[in-house]
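Reading the structure
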Amino acid sequence: MTDTKQKIPDYWQWFTDSRYGLFIHWGPYAVYGRGEQVLFREHLDHQEYAEMACNWNPEHFDARLWARTAKAAGFKYACFTTRHHDGFCMWDSAYTDYSSARQAAGRDFVREYVEAFRAEGLRVGLYYSWIDWRLPAYFDGPQKDPQGWESVRNYLHNQVKELLTNYGRIDHFFFDGVWPRNADELGSVELLEEMRRLQPHILVNNRLGYSEQHDGFRADGGVGAGDSDTLGDFGTPEHVIVPDDRRLWESCQVTTWRLWSHSIGERWRPADVLLDMLVDCVQKGGGPTGGGGNLLLNVGPMADGQLPPEFVERAMQIGRWLEVHGEAVYGTDGGSVTEFITRGWQTTRENHLYLIIRFWDGRPQLRLADLVTPVEAVTLLTTGQELSFRQDGEVLYIDGLPVESPTSLFPVIRITCKDRPAANQWGRERLWEGDPSRIAQWAKVRGNSVYANGEER
Ligand code: FHN
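Throughout what follows, the structure given in this document is the object of discussion. Owing to the predicted nature of the structure, the values given are computational and were not obtained by experimental measurement.

1. Some remarks on the side chain of Thr 373
Tracing the sequence through the fold places Thr 373 in the loop between strand E11 (366-369) and strand E12 (375-380). A polar atom in the side chain of Thr 373 sits 2.7 Å from the backbone nitrogen of Ala 422. Dropping the residues within four chain positions of it, Thr 373 is found in contact with Gln 391, Cys 417, Lys 418, Asp 419, Arg 420, Pro 421 and Ala 422.

2. Side note on the site of the ligand
The full set close to the ligand counts 13 residues, and His 25, Glu 36, Gln 37, His 85 and Asp 176 are the nearest of them. The separation between an oxygen atom of the ligand and a polar side-chain atom of Glu 36 is 2.6 Å. Computed on the free molecule, the ligand has an accessible area of 330 Å², of which 84% lies beneath the protein chains in the complex. Here the shell around the ligand is composed, by residue class, of five nonpolar, four polar and four charged.

3. Side note on the sheet that holds strand E4 (residues 172-176)
The eight strands lie next to each other as E5-E4-E3-E2-E1-E8-E7-E6, forming an open sheet whose pairing is parallel. Both outer strands of the open sheet, strand E5 (203-204) and strand E6 (234-235), are each paired with one neighbouring strand and no more. Bridge count between E6 and strand E7 (residues 248-253): two bridges; the pairing is parallel. In the strand pairing of E7, Phe 234 is matched with Leu 248. Contacts between helix H5 (residues 109-119) and the sheet are confined to strand E1 (20-24), strand E2 (77-83) and strand E3 (123-129), with E3 contributing the most and set at about 155° to the helix.

4. As for the nonpolar core
The biggest cluster of nonpolar side chains holds 97 residues, and the ones touching the most others in it are Ile 24, Trp 26, Phe 75, Phe 117, Phe 173 and Phe 175. Per-element tally for this core: the top contributor is helix H11 (residues 271-283), with eight residues. Summarising the domain contributions, this core has at least three residues from each of domain 1 (10-328) and domain 2 (344-429). Contact partners of Phe 175, with chain neighbours within four places excluded, come to Tyr 128, Trp 130, Val 160, Leu 191, Met 195, Val 204, Asn 205, Arg 207 and Leu 208. Membership of the second largest hydrophobic core comes to 20 residues, among which are Leu 368, Ile 398, Ile 415 and Cys 417.

5. Side note on the packing of aromatic side chains
According to the stated counting rule, one finds 31 aromatic pairs in the structure shown. With a centroid separation of 5.3 Å and an interplanar angle of 75°, the aromatic rings of Trp 14 and Tyr 77 are classed as edge-to-face. Of this pair, Trp 14 sits in helix H1 (residues 13-18) while Tyr 77 sits in strand E2, and the two are 63 residues apart along the sequence. Aromatic pair Trp 66 and Phe 80: ring centres 6.4 Å apart, planes at 50°, arrangement tilted. With Trp 66 in helix H4 (residues 63-72) and Phe 80 in strand E2, this pair connects stretches of sequence that are 14 residues apart. With a relative accessible area of 3%, Trp 66 lands in the buried category. One aromatic cluster is present, formed by Trp 26, Trp 56, Phe 61, Trp 66, Phe 80, Phe 88, Tyr 98, Phe 109, Tyr 113 and Phe 117 through successive ring pairs.

Cut-offs applied
Sequence order sets the numbering: in each chain, residues are counted from 1 along the sequence as written. Owing to the predicted nature of the model, reporting of local features is limited to residues with pLDDT of at least 70; listing and counting of side-chain atom pairs is limited to 80 or more, with chain, interface and lining totals taken over all residues. The basis for every side-chain value is the complete set of non-hydrogen atoms in the structure, without hydrogens or water. Segments assigned H or I by DSSP are reported as helices when at least four residues long, segments assigned E as strands when at least two residues long, and all are numbered from the N terminus. Whenever two N or O atoms come within 3.5 Å, that pair is a polar contact, provided that in protein one can donate a hydrogen and the other can accept it, and provided that, for residues adjacent in sequence, both atoms are side-chain atoms. Here, two residues are considered to be in contact whenever any of their heavy atoms come within 4.5 Å of each other. Proximity criterion: a residue is near a molecule or strand once any of its heavy atoms comes within 4 Å of it. Here the Shrake-Rupley method, with its probe set to 1.4 Å, supplies the accessible areas, and only the displayed protein chains count as covering residues. Amino acid classes used here: Ala, Val, Leu, Ile, Met, Phe, Trp, Tyr, Cys and Pro are nonpolar; Asp, Glu, Lys and Arg are charged; the rest, including Gly, are polar. Pairing between two strands is assigned when DSSP locates at least 2 bridges connecting them. Whenever a helix is involved, its axis is fitted only over the stretch in contact; in every case the axis is a line through C-alpha atoms, and angles between N-to-C directions fall within 0 to 180 degrees. What we call a nonpolar core is a set of buried Ala, Val, Leu, Ile, Met, Phe, Trp, Tyr and Cys residues that are connected through their side-chain atoms within 4.5 Å. A 1.4 Å probe rolled over the protein chains alone gives each residue an accessible area, and that area as a share of the maximum for its type sets the label: buried under 20%, exposed over 50%, partly exposed in between. Residue ranges assigned to the domains are those given by an automatic or database domain assignment. Centres within 6.5 Å make a pair out of two Phe, Tyr or Trp rings, where for Trp the six-membered ring is used; the pair is then stacked when the planes are under 30 degrees apart, edge-to-face when over 60, and tilted otherwise.

This is the structure we're talking about:
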């Protein structure tokens, strides 16, 4: 496992150091309380929706409170929906009056967001949907409506450019909703070049559509999910944690059961499940050098601008855990040194190996096989307690663990090694992976008998 820090430009290092971002899905759709796609999913009348959207005036929206909460919860960056598929703009766009600035709210929510989150030291990202359900030409496309398509494409490009011109340094850009267009029609590559001219250090995701030129032939002709295999600086697995070995990656996940924006009657995932997703992203490997990925965890603020208390409760629980155990997550460089699935996850940072215990069994000793690096110290990070240990060949025995778990989330044991933590072959390879002869060697110690006592009959 090599150091992530070698393989990406310095100005992107903040992304891998961060590991944990806050996705914010907020817009007039929150008024319905049935998710961000309610306009389409319930086949609503466009004019009725637009009237509601133009009258929307979230009197309790306080970006500084959101930013303070995000910081306390341990998020290191955020990504805010500037315009979702409904087409309503959360900033003062020069290209439409269908915006929070020009309608009842009379506010530029994007400006309030970027200023408040930067003031708290968080990096700022913007989400922008290619799709606008109000615009027929987006769906007719260039073949059926060349003129209409030309004006839609210009509208999209102009809005992205004004977002990257008028709001200071933008660190992260999350395109979304490509279907049914592709990168060649959208002019993704041309826009990407313009984006980098405006914001040279920006990270742009892969939802730029397939491109014949860049992705080669695609059986679906580029109408697929819209994730380009080659365009974009980071991959965006959604609702799943699947590492991207070609580039940086960030799994976006909801804190509820399914929808991204506020839904009345939500069902919420518990804090340990949310934390488990974060650690799984970090330990999973992938990325330019196997250093793992990020979790972009979502909140759907309520229509009046308040954060749901159920989200704040969970986020703060994780934030308190990160205050004590953050070194096992932030800026780590991969994990899964040895086989550890029966107890939890492993992450690494230089010469430290972190055991993130998902299942606390109350036994005083933990046995870790197949670590070949000499160990210098072992600490129960959760309490700061130094633990006694001994290495017997390639097995590490850690003693003195408390019966009760020292935290309601995941206790962490930090193993300080003489060098970067490394495993022998058995430790490097996983079940159903690697060289099966290692298993034959292991079994030969016992022989070939099928009988309990190993005797040949
Ligand atoms: O359709 C959107 C959805 O509403 C949400 O914004 C997610 C977040 O990544 N993206 C699309 C579904 O993939």
